[in-house]
Each structure stands twice: as structure tokens, then as C-alpha cells.
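Architecture at a glance
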Amino acid sequence: ILMTLDQCSFDGWGVHDCGHDEDAGVVCKSVRLMEGSSIKEGRVEIFHSGSWGTVCNDYFTQPDANVICRQMGYGTARRQVAFFGSGTGDIWLDDVNCYGSEQTLESCPHKGWGSHNCGHSEDVGVICNGYGYISQFV
């Protein structure tokens, strides 16, 4: 279920007992790593058209992995192919060809959303190195 912040229950706009030292922020992610043993590794999944889907490993290289890890808030990456198991649902991206300077995986050249010649046995995963700036709450 997707919701916007203003759809959540609250006391009303401008009704609060807070100071700016209690301001909150959010980071919206369109990429996530699944089935890894830490938040820095896993099968790559990307959010598109209201659902999460996977990325095929065809032509997947180090610059592609680096863009994903940087987008997640980490430095460089080490790439893995189907190391974290097969996903389910849509395969959103295939033939991803990042130059390495892109800020997001979505901005890298690819075959087109949902256009692929892959099975889930070709879902790509990454292991990100370094420390991230994104906090993840459980």
C-alpha cells in the first residue's frame, strides 16, 4: 500500500508541541537490496509502476554496481550474479549500461522498463563496501 505523508493520521496542519530541534526527515528509495546478510548486500530490486521488480545480470558490470551502491548511500561495490537467490514478480531492467557517473540506476541506459530476455535465475545482486549515510529503522 502506497501512501503519502498527508494521508497519515495526525492532529492537523500546524498543530504541534515541537521545536525545530525535533524536525524529521525521510529518504525515499527506489532501489533496495534483498536477501543479504546485512543492509549493504542483496539481490537488487527497483521500484517502478507501483511494484518492486528485479534487474537482470546481462552486461552488468562494476559501474552498474557502483551506481546502485552510491544510490543506497554507500561507496563502491563488488558485483555478484544471482548470489542472493531468485526474485519473483517483474523483471524491470535488462542490459543496464551505466557509465558510472549516474546518480540513480533509473538514469542509466537500459533496454526499457519491463523489456528483457531473462529469467529470475539471472537476477543480479551486489555487495556494497564502506559506510552508508542512510539509517534503516526496524
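What you see is a predicted model; the values in this text were computed from it and never measured.

Quick look at the side chain of D64
Following the sequence through the fold, D64 ends up in helix α1 (residues 62-72). The exposure class of D64 is buried, given its relative accessible area of 0%. A polar contact is formed between the side chain of D64 and the backbone nitrogen of T61, at a distance of 2.7 Å. Excluding its chain neighbours within four sequence positions, the residues that come into contact with D64 are Y59, V96, N97 and C98.

Describing the confidence of the model for the protein
Per-residue confidence for the protein gives a mean pLDDT of 83, with 83% of residues at or over 70. When pLDDT is averaged over each helix and strand of the protein, the minimum, 68, is found for strand β4 (residues 77-81) and the maximum, 94, for strand β5 (residues 91-93). Segment residues 133-138 is flagged for pLDDT under 50; beyond a separation of four residues in sequence, or across chains, it makes 10 contacts in the model.

Calculation notes
- Residues numbered from 1 in each chain as written.
- Predicted model: local features only at pLDDT ≥ 70, side-chain atom pairs only at ≥ 80, totals over all residues.
- Heavy atoms only, no water.
- Helix = DSSP H or I, 4+ residues; strand = E, 2+ residues; numbered from the N terminus.
- Buried < 20%, exposed > 50% of the residue type's maximum accessible area, 1.4 Å probe, protein only.
- Polar contact = N/O pair within 3.5 Å; in protein donor to acceptor, adjacent residues only side chain to side chain.
- Contact = heavy atoms within 4.5 Å.
- pLDDT = per-residue confidence, 0-100.

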